[in-house]
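Geometric and topological summary
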Amino acid sequence: QVQLVESGGGLVQAGGSLRLSCAASGRTFSDFGMGWFRQAPGKVREFVAGISWSGSTTLYADSVKGRFTISRDNAKNTVYLQMNSLKPEDTAVYYCAAAGTRLATVVLDDYDYWGQGTQVTVSS
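Observations concerning the overall build of the chain
The helix and strand tally for the chain stands at zero helices and 11 strands. For the chain, the α and β elements follow one another from N to C terminus as β-β-β-β-β-β-β-β-β-β-β. Taking 2.2 N^0.38 as the reference for a compact globule, 124 residues should give roughly 14 Å; the C-alpha atoms of the chain span a radius of gyration of 13 Å, in line with that estimate. In terms of its C-alpha atoms, the chain occupies a principal-axis envelope of roughly 40 × 25 × 25 Å. Here the chain holds 124 residues, and the buried ones make up 43% of them. Counting only contacts in the chain whose residues sit at least 6 apart along the sequence, the fraction spanning at least 24 positions is 60%. Carbon and sulfur atoms form 47% of the exposed surface of the chain, whose accessible area is close to 6100 Å². For the chain, the distance from the average position of its 11 positive side-chain charges to the average position of its 10 negative side-chain charges is 5 Å.

Okay, here's the thing in structure tokens:
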């Protein structure tokens, strides 16, 4: 089992920045590719960013490419999502997830473990 706890969400004005963190425990963190997803009210959960176990490969949704950066610190068992130039359409609950592979993946079904989510609200 892997436990994931997100933090860093909040309310920010459009154009602002936030950094989300996800602390993992329970198993060897470097065994997992990690990802961030988000879900807005009335919408399906969507992929935001993914990172391989070593951090050498990162993947991004087109909607966040160039604005968001995913990174990880295996010594701290933590994955991060730096979000810059935030837009109102980025408003959602953001979820951290651990994949059943060490690779980076965009496929929701590849992720076996999920955090509880953290709310990000971007005001216009």
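Following the structure, the description resumes.
Overview of the pattern of salt bridges
In the structure shown here, the tally under the stated rule is four salt bridges. Its salt-bridge partner being R38, residue D90 comes within 2.9 Å of it at the nearest N-O pair. With D90 in the loop between strand 8 (78–83) and strand 9 (92–99) and R38 in strand 4 (residues 34–39), the pair connects residues that are 52 residues apart, well separated along the chain. Assigned by exposure class, D90 and R38 land together as buried. Of the charged contacts, one joins D62 and K65 as a salt bridge, the two residues approaching to 3.2 Å between their closest N and O atoms. A single salt-bridge network, built from bridges that share partners, covers R38, E46, R67 and D90.

Cut-off values and rules
Residues numbered from 1 in each chain as written. Predicted model: local features only at pLDDT ≥ 70, side-chain atom pairs only at ≥ 80, totals over all residues. Heavy atoms only, no water. Helix = DSSP H or I, 4+ residues; strand = E, 2+ residues; numbered from the N terminus. Rg over C-alpha atoms; globule rule 2.2 N^0.38 Å. Buried < 20%, exposed > 50% of the residue type's maximum accessible area, 1.4 Å probe, protein only. Contact = heavy atoms within 4.5 Å. Areas by Shrake-Rupley, 256 points an atom, 1.4 Å probe, with all protein chains shown as cover. Lys, Arg positive; Asp, Glu negative; His and termini not counted. Charge placed at Lys NZ, Arg CZ, Asp CG, Glu CD. Salt bridge = Lys/Arg side-chain N within 4 Å of Asp/Glu carboxyl O.

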